[in-house]
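Examination of the molecular architecture
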Amino acid sequence: MALTASALALPGISVPAKADTPPTESSIGYRISSYKEDKLPEKFLLTGSPERYDITIHQFQLVTPVGENYGLTLNSSYESMSGASPWYALRSFDGEKSIVMSGATIHEQRRDYNLTMRRYHDNGNYAISLGTSKENDYDSWSGGFDMSRNFNDNQATLSGGISMSNDDINPTDAALFNRVMDESKRTASGFFSVSQIINQNSFFQSSLNVTRHNGFLTDPYKLGDRRPESKTQIAWSNAYRRFFTSLDAAMHLDLRLYDDSFGINSVTLDASWYQNYGDNWQITPSIRYYSQSAADFFTPANDFSSPALLNSSDYRLAAYGAVSGGLQLLTRLDNLTLTFVLERYVTDDGYSIYGGYSSPALVNFTRMSLGVSYTF
Amino acid sequence: MKKKQLLISALVCIAPLATSCQPVQAWERGTLAKPEMAIDSYPMETILNNHIFFSKEASNGGHNAVGGGCGCN
Amino acid sequence: MSATPSDPVKKFHYRFRAMGSPCEIILEQECKDTSRAVVSLLEKEVRRLENQYSRFLPNSITTRINESAGRGISIAIDQETEKLLDYADTCYEQSDGLFDITSGSLRKIWNYHDLEQKQVLPDDSVIRKELEKVGWKKVERQPGRICLPLIGMEIDFGGIVKEYAVDCVAAIAEARGIGPGIVELGGDIRMFGNTTGESWRVGIRDPHGAVLSSTIAFINVQQGGIATSGDYERYSLIKGKKYSHILNPLTGWPVEGLSSVTVLADQCIVAGSAASIAVLKGEKGIDWIKALGLPFLCIDQRGRTSGTIEQFKQGGF
């Protein structure tokens, strides 16, 4: 109809599909999380304490509009961890007793700060980000730029960005344990993303993220660990979001495929169901499946070749699968939002879709988080 | 009351996977703006998860460029 | 209007005055402070349009354009104004010249209060002289510019900007996921954010009426815009004949048509123009609105209602 067609041409009548506008209000959030890795089963422990990490993380976030067109986000966290981790893993002769845990229990803290300033305009937005992470043996500085543009009457969005970081590594007790001193690592990462609205209740997004690391990539606390001086990795992530009006619930499905130059391939599958009860309650069960293949140079320590070649017995480079399930409970009260999360994560080489060397030092953990946020 | 066929036929869908993209009119977009429909509904939870999985698994990366590192991997 | 969603208890009502009319935004949101921040944003948008287009404000584009009339100069306009003029042009075409935003100057001749007191009608020659300054086709337009070539010519966005403001507010609310809610600016209504398919019961009343005026009808609406046009029982009795207050820009005389027309459309601006054109079409109004295909309700000079919207005569909340 002629009147309708002419009305749709009016600028005020067509606005961006998803709120591509600066936040209307400010909010601050705090979250405390605690997770404890399960003890290493006694049958695998050769020597050392079976207790693994116990970690507490405090997170802070501030989101606020700045003027008419800008939004500022500040994220900060304080992490304190204590416990032990495997020093090396041997290929045992009876299939058991093969893990040597690190000697002392460590107590360490990490702090990080991130700032993003985003500018919004009629067709999209762009942002500058800065970040830093500090531990007694690891300092990292990073900076990045990203932008986003809407197309096709805001049905589609293209976005992309780059990030660079520079890390300084100074292992503790370096002289005592003959560890390296004063190493560094540089990272450059870029992403490109396409997002498309399918209908008024659903959309999907596909992203490609390529990263290159150069420098010291080895773990200085693991015996005989020697990794390449560069690593290239690529991750392809796909997300589907759908709202079920009659159920007042949203479904999230995510799939990520990963490949890197260490020889590791992985697949990650996430599914969550955000179920609303009225305006004030939301319960979200979620499950995650992860599986990775082993790094090319992953071997038990007794098979380590001469120091000149690459090797690592770090369980995190082994082939394994992990399944985790979580539940989030959210409630709103005036300007406050409270969240409680419980998550259980278990690993097993039997869950893996990849063959290859595995490790008995795979970790399981249970996490609890409590968060509060306030809008003003 | 939804007879906007004239305008709709001119729009082109980008993605091959979405075989039946129906253009969503401005007044129909409320659902997509709900927080539980965002790519990242609870950023603090996502930041936490990304950090925990980074320290325990060999993979990282997603819908953004990877940021700074930490000593936990 | 009195719009009531299913549960009247937890609504947030915000009333203000703008564009010469009582305005109201109703939100189904609990949090008072969040709602307050949100509605002030929405009110800002209404004020922005009022400042831009009100012919009563000295800095509006309308005033600048009207003051330039007959001086042989053209005024630069922005994209939004350009599109609104395009829309006014579409209304002109669709109404066969009856919806004409240059017809405002005729009000100087038809001072109803005066005429009723003196019981005289305006002189035909005076009307014809004023008509020389009226006519959308006389306006000179180039991309990004407009020129009113004759002294005394004026344009008035009053017939479309209120409904447009309603749509703009709804669009902003939806883009931010605000809602469900209703925005009303003096009888022009738009629902937004209604994803549950719940119906709102809306009471249609005399568009020019005061707050306490009677309700014409109740209708159930889920989404979209509603606008009402017409003089509804308001007329001037001069020399024994009723004269409506809506003028035909081609003849310069009041129309004799529908007393009230209410139209439903996805956009309030479309509902508003359709209702106005139906009234301006006089005797042919009811056939025109039927042919348009949008749901409507109308009341003729004899008080008979007809239309395609199901309505609830009495009762209500």
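The structure this text deals with has already been given above.
All of the points below concern the structure found in this document.

Calculation notes
- Residues numbered from 1 in each chain as written.
- Chains lettered and ligands numbered in written order.
- Predicted model: local features only at pLDDT ≥ 70, side-chain atom pairs only at ≥ 80, totals over all residues.
- Helix = DSSP H or I, 4+ residues; strand = E, 2+ residues; numbered from the N terminus.
- Contact = placed C-beta atoms within 7 Å.
- Buried ≥ 20, exposed ≤ 12 C-beta atoms within 10 Å, placed from the backbone.
- Pairing = 2+ DSSP bridges.
- Nonpolar A, V, L, I, M, F, W, Y, C, P; charged D, E, K, R; others polar.
- Axes fitted to C-alpha atoms, helices over the stretch in contact; angles between N-to-C directions.
- Parallel < 35°, antiparallel > 145°, perpendicular 65-115°, else oblique.
- Left-handed = near helix turned anticlockwise from the far one by under 90°.
- Core = buried A, V, L, I, M, F, W, Y, C linked by C-beta atoms within 7 Å.

When helices and strands are tallied, chain C shows 8 helices and 17 strands. Of the contacts made within chain C by residues no fewer than 6 positions apart, 62% connect residues no fewer than 24 positions apart.

So, on to the pairing of strand β7 (residues 181-185) of chain C. Here is the key point about a regular strand: its side chains alternate between the two faces of the sheet. Residue and element names in this part refer to chain C. Burial analysis of β7 places 5 of its 5 residues in the buried class, the great majority of the element. Because side chains alternate across β7, one face comprises the buried residues G181, V183 and L185, and the other comprises I182 and E184, equally buried. With 5 bridges joining them, β7 and strand β8 (residues 188-192) adopt antiparallel strand pairing. Paired with V183 across the two strands is R190, which belongs to β8. Between β7 and β8, which pair antiparallel one after the other, the connecting turn spans 2 residues, and G186 there sits at a positive phi close to 50 degrees.

Another point: the interface of chain B and chain A. Across the boundary between the two partners, chain B contributes 43 residues, which contact 77 residues of chain A. Sorting the residues of the side of chain B that touches chain A by element identifies α1 (5-8) and α2 (43-56) of chain B as the ones contributing at least two each. Of the residues belonging to the side of chain B that touches chain A, the class tally is 22 nonpolar, 12 polar and 9 charged.

Another aspect to go through is the sheet that holds strand β5 (residues 86-89) of chain A. Residues and elements named next belong to chain A. Within the open sheet, the 3 strands sit side by side as β2-β6-β5. Their pairing is mixed. In the strand order of this sheet, the two ends are held by β2 (45-47) and β5, each with one partner. Strand-to-strand twist of the sheet, defined as the mean angle between neighbouring strand axes without regard to direction, takes the value 35 degrees. With 2 bridges connecting them, β2 and strand β6 (residues 99-101) associate as parallel partners.

Moving on to the packing of helix α6 (residues 158-175) of chain C against helix α7 (residues 268-280) of chain C. Residue and element names in this part refer to chain C. Between α6 and α7, the least distance of the axes is 7 Å, while the angle of their chain directions is 150 degrees. In terms of orientation, α6 and α7 fall into the roughly antiparallel class. The two elements α6 and α7 cross, and the hand of that crossing is right-handed. Contacts from G159, I160, E163, Y164, V166 and D167 in α6 reach C268, I269, A271, G272, S273 and S276 in α7. Residue composition of the contact of α6 with α7, grouped by class: 6 nonpolar, 4 polar and 2 charged.

Residue and element names in this part refer to chain C. Read across the open sheet, the 8 strands follow the order β2-β3-β7-β8-β11-β14-β15-β16; overall the sheet is antiparallel. The sheet is open, and its two borders are formed by β2 (12-18) and β16 (305-307), each paired with just one other strand. On average, adjacent strands in this sheet sit at an angle of 15 degrees to one another, irrespective of strand direction. When strand β15 (residues 296-299) meets β16, the two strands line up antiparallel, connected through 3 bridges. What sits directly across from L297, in β16, is G307. Contacts from α7 reach β8, β11 (225-229), β14 (260-265) and β15, with the element oriented near 25 degrees to β11.

Moving on: the nonpolar core. Proteins that are soluble and globular tend to have nonpolar side chains buried together. C:A165, C:V169, C:V263, C:A271, C:A274 and C:A278 are the most contacted members of the largest nonpolar core, which has 95 residues in total. For this core, the leading source of residues is α6(C), giving 12 residues. Dropping the residues within four chain positions of it, C:A165 is found in contact with C:M19, C:V46, C:L49 and C:L185. Judged by nonpolar contacts, the second largest core, of 36 residues, contains A:I55, A:W87, A:I99 and A:L317.

These figures come from the coordinates and say nothing about function on their own.
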